[in-house]
Every structure is written in structure tokens, then in C-alpha cells.
Amino acid sequence: MGMSRFADIILPLPLSKYFTYSVPDAFCDMLEIGSRVIVPFGTKKYYTGIVCRLHDTAPSGFETKDIGEVLDPEPILRPAQIKFWEWMSGYYLCAMGDVYKAAVPSGLKLESETKVSVTPGLDESVLEGISDRERRIAEFLKGSGSMILAALSKGCGVKSIMPAIRPLLEKGIISLSEEIKRKYTPKTEIFLRLNIERRNDAMLRKLFDSLSRAEKQMSLLVGYLELSGFARPGMERDVSRAMLLERTGVSAAVLASMLEKGIFSSYKKEVSRLGELPDSTEEAHALNPLQMKAFEEIKRGFAEKGVVLLHGVTSSGKTEIYIHLIEETLRKGQQALFLVPEIALTAQLANRLARVFGNRLGVYHSKFSDNERVEIWNSLLHDGDVRVVLGVRSSIFLPFKNLGLVIVDEEHDGSYKQQEPAPRYNARNAAIMMAAMFNAKTLLGSATPSVESFYNASTGKYALVRLMSRYADISLPKIEIADIGSLRRKKLMNGEISPTLAAEAQKALENGGQVILFRNRRGFAPIVECKECAWVPKCRDCDVSLTYHKRTGQLTCHYCGYSEPMPKRCPSCGSVNLEGIGAGTEHIEEEAAEKFPGYVISRMDLDTTRSRKAYVDIIEDFEKRRSQILIGTQMVTKGLDFGGVRVVGILGADTMLNFPDFRAHERSFQLMEQVAGRAGRQGAQGVVVIQTAQPQHPVIGQVARHDYDAMYAMQIEERRMFGYPPFSRLIDVYLKGGVEMDVERAARIYAARLRSIFGERVLGPDVPPVARIQTMFIRKILLKIETKASVANVREILQRELGLMMETKEFRGISAFYDVDPM
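Procedures and definitions
Residues numbered from 1 in each chain as written. Predicted model: local features only at pLDDT ≥ 70, side-chain atom pairs only at ≥ 80, totals over all residues. Heavy atoms only, no water. Helix = DSSP H or I, 4+ residues; strand = E, 2+ residues; numbered from the N terminus. Buried < 20%, exposed > 50% of the residue type's maximum accessible area, 1.4 Å probe, protein only. Contact = heavy atoms within 4.5 Å. Areas by Shrake-Rupley, 256 points an atom, 1.4 Å probe, with all protein chains shown as cover. Pairing = 2+ DSSP bridges. Salt bridge = Lys/Arg side-chain N within 4 Å of Asp/Glu carboxyl O. Axes fitted to C-alpha atoms, helices over the stretch in contact; angles between N-to-C directions. Parallel < 35°, antiparallel > 145°, perpendicular 65-115°, else oblique. Left-handed = near helix turned anticlockwise from the far one by under 90°. 1 Å grid on protein atoms, 1.4 Å probe; cavity = no way out; pocket = protein on both sides within 12 Å on 5 of 7 lines; lining within 4 Å. Points joined across faces, edges and corners; volume = space filled by probe spheres on them. Nonpolar A, V, L, I, M, F, W, Y, C, P; charged D, E, K, R; others polar. Phe/Tyr/Trp six-rings, centres within 6.5 Å; stacked < 30°, edge-to-face > 60°. Polar contact = N/O pair within 3.5 Å; in protein donor to acceptor, adjacent residues only side chain to side chain. Arc of directions from axis to C-beta. Core = buried A, V, L, I, M, F, W, Y, C linked by side-chain atoms within 4.5 Å. Disulfide = S-S within 2.5 Å.

S.K.: Residues and numbers for the overall build of the protein, please.
M.R.: Summing up its helical and strand segments, the protein has 25 helices and 34 strands in all. For the protein, with 823 residues in total, the buried portion stands at 52%. Of the contacts formed within the protein by residues at least 6 apart in sequence, a portion of 74% connects residues at least 24 apart. Summed over all atoms, the accessible surface of the protein reaches about 37600 Å², with 50% contributed by carbon and sulfur.

This is the structure:
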């Protein structure tokens, strides 16, 4: 705190600089680094900003505006977080405003919204001579009062509302105003208080006597006494209205009568939305000798290095080791962050961790509401109960105070990489940097480590610990290869499920086992084609074909979300002969229902897991064996622990192997080995059937032998030869705009400018596989630089050259963005 006259503010906008505001005298003693403030921006807008610097240096060249309001008595960010944001903005070549938008829950960001209203005291004669549409809008507003623009647009059925209301604005019939919109509201509940002093036995007896003939009121009184611990000193607790009514089964009308008589009084109280986790009910399980050896090796590794890589085969018991490490961290008074790649994993792990850590555990991911995420944020900020956070990549932004341990489970997983929008960060790499800022330790865990992480461990940058036996000495699954190319030639493939897989699955199901079928493509058919004229439905806004979803009868773009009904006839030639090519999870689900009648089938992909409850229900049903077959995309590969799975089928291995990317073989091995690891986790050895037309492919052989080392040796040699990571750093440079010729020309000029500085390190520009998304045309330039090169210097060159090019008027409608370490 102090008497600083100016504050540099981070705004939630994609702007590369801070904005300086004046600090009114009234706020001088209230502001700190990390304080949340409301500031004006532009002519009419207001935003929630974060104070990142306080100083007395007046900016030159413009007059500063005043900070409008200080929102909280204390900062909502710690200085360590702002330092972390600055690192992320610099390394991932994005604006601090982009980091702010990704980091802070929406509930803590207030924005102004434009409201429109009829001008007070309006002379009705002004309404004469306006169009019918304008009159309809004015009449609608008169009846409704003021409203936000989006609601007006919807209410009047007018898509582009601003052009429609401009004549009304010019004539002074309506006016616009800005209103601050608060997003986070604490949840409150009504609680009850008995209007008798504790231990006043005479008054209590008198009350009992007066209610002796009122059975339901007596029931409420007794229920309250039991729930509140009224007569038990030291055991008192608050009783909510809902809790009492649920406990007694008495109607609200009876309670209202007792409130009227003054027996009870009511009051509102703020409550948590997070729900109460159970108290810790058990100790962490004792580690077996192999786990204990790994546990001790990890601790020795932490004594020498900041990062340890735990390479443990599937079902080796890594989670129990994690729990023991978290316990040690909490005993030191420190906090722990447990990162997982998928929301689906948090549901299963939360139950395991809650049994040990109780209400010290907080779960954080995007399926929680804004308000719930704000409450976890506040618990960490104000030293509440939460000491351990289980979450997905966005959890790295939480306001930890004394972080001691970060665990990144399934560290190889591509889901840790944010693709859209900026910041396009990798949460694994960012977590390592954040942990270092806290002098905390990072444990990376995987059965199939990324080539980069294993290289860092092999060269001594990280410590390496290996756990190569499954828990309780269960065998790794047996791998069978189904040569679908040969089966198709012999006319033995009827659909997408091979006879080998069908036979193994049937046998497992008949013996009470469960089956997982993995297909890394959702929908029913990836492509629909007219068999007469070869017409294929394309997205109107993107350069991709639409995927057919049979259950909804829709053709959907998986890039922008556009959808349209499946046509009954070809719009090009009128033929009814439309056919799906390829098979997604929806198609596999239909085929499995035909091949395995009588068994309950669940499907887990993006279409079936839109809500938090959907994830939990699908996993719980399979865990408790209410469903016998689980069909899914890569969600089913990620560390889920199901005891009954005997058979895993991998469909479409060739699609993964043939993907045009230098990581395709590494990813294929990881996905197949991970999904294979779901089989035979308890009891008998599991069976994995890999369906491929390339049975001799080296990666298929490596998966069949569970031979990670062979895969790594082959991949690291190829990357050394061609200069790919970990021997270089990649930066994808994207240009996009609405006019394809302008984007193409800008990309060529920008690439030439960069080539004059970086030489052969610049590749392209190229047309990416999807060259238009949401009506914007895209070109890509690849920059391949040495790992020791300064990212700050590269950023400066990229931005300088872009700025010089953008001075040309024809390129003003083109934007650029960067993807550092693309996945």
C-alpha cells in the first residue's frame, strides 16, 4: 500500500500492453498489486482490471482516466501469480489480457453491457414517419422498459439489431447506456433460530407443553433440537430451513405458522456451492515393496532435481504413490496440485482422494459453474479448508500461497495443450515453471512418457524413476492383431468390428466381464457422400466436410459447431442414394448393439458428456457394472480404473498411424498402449485386439510387446536426424483474414521478411489441412529455432516485422497469432 498516483492495469482484452490510470485520493490506501478495479475503456465501456503496478510516473502523450471503483478490500491475485502471467505471456507470445481471460473465473470479471431504452418524456408525434420495423422496435421497448441489446434483438426477431435501431437513435427516440454486470453472487440459504436461550430448561418445557397437541409442530421442534445440538455444549451447528423440512418431512406451511408465532426466527447466511466432501475416512493404503522403492527414489530425486519423471506401466499403482507424496506435502504445511488431462478422470479420482483428504480437497474444472469456481478460488485466496486441488489444465492459475508439490498425471497427454483461444499454453510445461517459482517440486507420471520428457530424464535434466510391474503382479494384457486388410479381401469383415474382436468380446461378456471399444472419432459417419454425383456436404463457414450424427439427424461441423439437417435427397443431383463413409463412435455403438444383444452399452465422447453429471453417470454405471460395453474416443484411454474390463478393442489404428504429423507414431503408441492398459487391471489377464491393415508396422509391433524403449529409440533418432523437438523449438505463425488473396499475399511477404532474418529456420507459408474456419482464411508459417534461442528476442522480431508489414493499408484486416510448442 502507499500513496502512488498511478496504476498500471491489466484488462481482459487481447492487448499487448498495460493501461495506466490515475488513482483518486479516496483509493490511495486501498490499492495493492492484484487488486480488482473497475475502469473506463474507450468512450463508453467499463471493464474489471487487475492492478499489476503502482507508481508515480505520469505517462506522456495522453491524459489518464480515473479508476472508477475498487471492488474488494483485499487483492484477488497474489504477486506470484502476476509473475507467472508475465512468464506465460512472454513465452507463449500472447497478450497479458489473454492470460487474464484464461486465468480468472468469469464470475470475478465484471463487464459493462449496452442497454437500450425509450427516451423519457418522448413526444408521440416523433413516431410518425418511421418505418414499420422501427415502430415495432419502439413499441416493444415502450412495453418492456430498458433492456440489453441481445434481448432486444431476440424479442423483436431482428438479427442485426444495431443497423435497425440506428435511425431511432439519430431521431432521439431511443438512447443507449452502459451498465455494469455483476456475475458472481454468493449463494445464501435461510437458516432458523429457536427463540429460547440455551439451557433455559423451564422455557423449553413450557414450549413442549404448548405443542403437546400439535404433532407436526412438535416434530419440527424435536428435529431442530437434534440437528442443532441445542442441548449439547460444543456440538452446536446452524440448521437451514431446507435441512429441517427434509429431516422431518413436515410441510413448509407448518413451519411458517411457527415463525409467525415467534417460536422460530429466520435469517439468511452465505453457504458454499461446492457441497460438503466427506470427512477423511481412511488412511492412505500401505505401499507394496515396489511402490515403496519408487516412493523413496522420487524423494531422493527431489533432493537433487526440481522435476522427477515417474515411468510406471499401466496399473502399477502410481495413484497410491501420489497420495503418499501429497500427505507428506500437507504435513509440511504446504499445498499440492494434482493435474489430470480430462474432466472424466477427476470424477473417479475425486472419490479416491476425498476418502483420504476429506474437505481439504478441492476439485476445479470447466464443468463447474462460474460461481463454484469462484468459491474454490476464494478458499485458496483466503486460506480456507482447501489444501489439495485436483483439476485440469486451468487449475495452474489458482491463487496458491505456499505450493509444495505439483503432480502432472498422464503427462504425455495432448489435452494439456490449450489450442484455442490464446494463451496456447501447455499446462505440463507451465506447471513446471510455476512450481519452480514457488520452489516446489514437480512429479510427471505416465506409462507412456512424451519423447521430450523422457529425453530430459535421459540427459539428466529431470530425475527418472521407473515402476515396471503391475500392482499385485497382474500380467500386462495379451495383444492380438486383427489384419482387417486381409479380412476384407476374404470378405470376412462384416462392419467395423472384426470376427476376432467379436469372438473375444462375446466370450468376456458371457463370463461376466466388460468390454471397451476405442474409436478416436465421434459421430456416426465422418463423411456423407452421394453415390451418384460424389457430392459431399461442407460447412458453410469452414473448409471441412460435415459429420453425420444419426441420433440427432444432423450434419455438424466439429470446428465451428454449425449444423444442418441431414438431407433426404442430394441437393446437387436429387438422388436419394446418400451414404456415410467411415465410422465414428455412434456407428460403433449401433453395430455393437446388433452384435451383442442384451448387454447395456454406454458411449463416452464429447457428444454424450456435455455436463458434469453426464461424465459421472457414465463412469459410475460402468464402474458398478450396470453397463457392460463402453464405447469412446480418447477419453476412455486416460487412466480410468475399471476392475471388470477383460477385452479392449482398438478400431481405426491406421487413421492414427497415417496422420501427417511428426508426432503421429508417438501418439499412436501412447493411445493404443494407454487404452490397452484398461484391460485386466484386476484378476485374469486381459486381451487387447488391435484392428489394422498394417500388421507389420513397427508401432504395432512395439504396442504388441509393450516396448516403450523401442518406440522412444526409433522416435528420438528420427527427430535428431530432422531437427524436430526436443532438438529444436517450433513456433507456428498463423495469419487469418476474410479475403483469401490478401491472406496469401501477406503470408508470403511476412515469410520472406522472416526468412531474411532467420534463414532456413523459416518454412512456408503453407495452406493448413483446414484452411478456412468461421469464414476466415488461414495460412501457416513454421519457425524452427534452436532450444537455447531467446524466446523474448524471437518475439520482438516477429512483432516488429508484423508491425512493419501491417502498415500497408491492404493488410489491416489481417490478424496474426502464434502457437509455441504446437502439439
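S.K.: An account of the pairing of strand β27 (residues 629-632) is requested, with residue identities and associated values reported.
M.R.: The two faces of β27 match: Ile629 and Ile631 on one face and Leu630 and Gly632 on the other face are all buried. As judged from the four bridges shared by strand β20 (residues 514-519) and β27, these two strands associate in the parallel manner. Residue pairing for β27: Leu517 is matched across the bridge by Ile631.

S.K.: If you had to explain the pattern of salt bridges to someone new, which residues and values would you point to?
M.R.: By the definition in use, this model includes 36 salt bridges. For Arg800, the salt bridge goes to Glu801, with nearest N and O atoms at 3.2 Å. Classification of Arg800 as partly exposed rests on a relative accessible area of 41%. Linked by salt bridges that have partners in common, Glu452, Arg663, Glu666 and Arg719 make up one network.

S.K.: Account for the sheet that holds strand β23 (residues 554-556), naming residues and giving values.
M.R.: Taken together, three strands build an open sheet; the order of strands is β22-β23-β24 and the sheet is antiparallel. At either margin of the open sheet sits one strand with a lone partner, and together these are β22 (547-549) and β24 (563-565). Pairwise comparison of adjacent strand axes, ignoring direction, gives a mean angle of 30 degrees for this sheet. Where β23 meets β24, three bridges bridge the pair, whose relative direction is antiparallel.

S.K.: Run through unusual backbone geometry, naming residues and quoting values.
M.R.: Along the chain, Ala422 connects to Pro423 via a cis peptide bond; the corresponding omega equals 0 degrees. With respect to the helices and strands, the residue Pro423 is situated in the loop between β16 (403-409) and α14 (427-437). Of the consecutive residues Pro725 and Pro726, the connecting peptide bond is found in the cis state with omega at 15 degrees. If you trace the backbone, Pro726 turns up in the loop between α23 (708-722) and β30 (729-737). The residue Arg625 is not glycine, and still its phi comes out positive at about 65 degrees. Relative to the helices and strands, Arg625 is located in the loop between α19 (612-623) and β27. Judged by relative accessible area, which is 43%, Arg625 ranks as partly exposed.

S.K.: Got a sec to walk through the packing of helix α1 (residues 79-91) against helix α2 (residues 96-103)? Specific residues and values, please.
M.R.: Their axes nearest at 9 Å, the elements α1 and α2 cross at an angle of 120 degrees. If you check the angle between α1 and α2, you find them oblique. The element α1 and its partner α2 pack so that their crossing is right-handed. Counted together, Ile82, Trp85, Glu86, Met88 and Ser89 of α1 and Met96, Val99, Tyr100 and Ala103 of α2 form the full contact between these two elements.

S.K.: Quick one: what's the story with empty space enclosed by the protein, residue by residue and with numbers?
M.R.: In this approach a probe as big as a water molecule rolls over the atoms, and the regions it shows empty are the leftover space. Tallied over the entire structure, the rule returns three cavities of 30 Å³ or more. Volume-wise, the largest cavity comes out at about 70 Å³. The wall of the largest cavity is formed by His412, Arg428, Ser450, Glu452, Arg663, Glu666, Arg667, Gln670 and Met823. The element contributing the most residues to the lining of the largest cavity is helix α21 (residues 664-676), with three residues. Residue composition of the lining of the largest cavity, by class: one nonpolar, three polar and five charged.

S.K.: So, the packing of helix α7 (residues 215-228) against helix α9 (residues 252-261): which residues are in play, and what are the values?
M.R.: Contact geometry for α7 and α9: axes closest at 10 Å, N-to-C directions at 80 degrees. Taken together, the axes of α7 and α9 are roughly perpendicular relative to one another. On α9, the residues that touch Lys216, Gln217 and Leu220 of α7 are Val254, Leu255, Ser257, Met258 and Lys261.

S.K.: Could you give me a rundown of the packing of aromatic side chains, with the residues and numbers involved?
M.R.: Summed over the entire model, instances satisfying the criterion amount to 19 aromatic pairs. Grouped by ring-pair contacts, the aromatic residues Phe84, Trp87, Tyr91, Tyr92, Phe397 and Tyr425 constitute a single cluster.

S.K.: How would you sum up the side chain of Asn426? Please name residues and give values.
M.R.: With respect to the helices and strands, Asn426 occurs in the loop between β16 and α14. Here the side chain of Asn426 touches Arg428 through a polar contact of 2.9 Å, landing on its backbone nitrogen. Discounting chain neighbours no more than four positions away, the residues touching Asn426 are Tyr92, Tyr416, Lys417 and Met823.

S.K.: Can you explain helix α8 (residues 241-248)? Please cite residues and give values.
M.R.: Along α8, the residues that are buried comprise Leu244, Leu245 and Thr248. In an axial view of α8, the angular spread of the buried residues amounts to 95 degrees, which keeps them on one side of the axis. Positive phi appears at Gly249, one or two residues downstream of α8, with a value of about 75 degrees.

S.K.: Would you mind going over the nonpolar core in detail, with residue names and values included?
M.R.: Counting 113 residues, the largest nonpolar core has Trp85, Met88, Ile396, Ile650, Met672 and Tyr750 as its most contacted members. When residues no more than four places from it in sequence are discounted, the contact partners of Ile396 are Phe84, Met88, Leu337, Leu339, Tyr425, Ala427, Ala430, Ala431 and Met434. Judged by nonpolar contacts, the second largest core, of 36 residues, contains Phe295, Val308, Phe338 and Val388.

S.K.: Talk me through the environment of Ala614; I want residue IDs and the actual numbers.
M.R.: Along the chain, Ala614 falls in helix α19. Ala614 gets classed as buried once you look at its relative accessible area, which sits at 18%.

S.K.: How would you explain α2 if you had to name every residue and give the values?
M.R.: Burial within α2 is extensive, with six of its eight residues counted as buried. By the burial criterion, the buried members of α2 are Met96, Gly97, Asp98, Val99, Tyr100 and Ala103. Here the buried face of α2 lies against β1 (6-10), β4 (45-55), α1 and α13 (370-381).

S.K.: How would you sum up the environment of Tyr599? Please name residues and give values.
M.R.: Tracing the sequence through the fold places Tyr599 in the loop between α18 (585-595) and β26 (601-604). Look at Tyr599 and you get partly exposed, because its relative accessible area is 26%. Here the alpha-carbon distance between Tyr599 and Glu510, two residues 89 residues apart in the chain, equals 10.0 Å. Among residues more than four places away in sequence, those in contact with Tyr599 are Gln506, Leu509, Glu510, Gln628 and Ile629.

S.K.: Run through the sheet that holds strand β29 (residues 687-692), naming residues and quoting values.
M.R.: Ordered in space as β19-β29-β28-β20-β27-β26, the six strands form an open sheet in which the pairing is parallel. Single-partner strands in this sheet number two, and they are β19 (478-483) and β26. Averaged over neighbouring strand pairs, the angle between their axes works out to 15 degrees when direction is ignored. Sheet analysis places β19 next to β29, joined by six bridges and oriented parallel. Looking across to β29, one finds that Ile479 is bridged to Val688. Where helix α17 (residues 499-510) meets the sheet, it contacts β19, β20, β27, β28 (645-651) and β29, and its direction lies at approximately 160 degrees from that of β28. Against the sheet, α18 contacts β20, β26, β27 and β28, and its axis sits at roughly 170 degrees relative to β26.

S.K.: Got a sec to walk through the state of the cysteines? Specific residues and values, please.
M.R.: Under the definition given, this model contains zero disulfides. There is no disulfide at Cys573, and the cysteine sulfur nearest it, in Cys530, is 3.7 Å away. With a relative accessible area of 41%, Cys573 lands in the partly exposed category.

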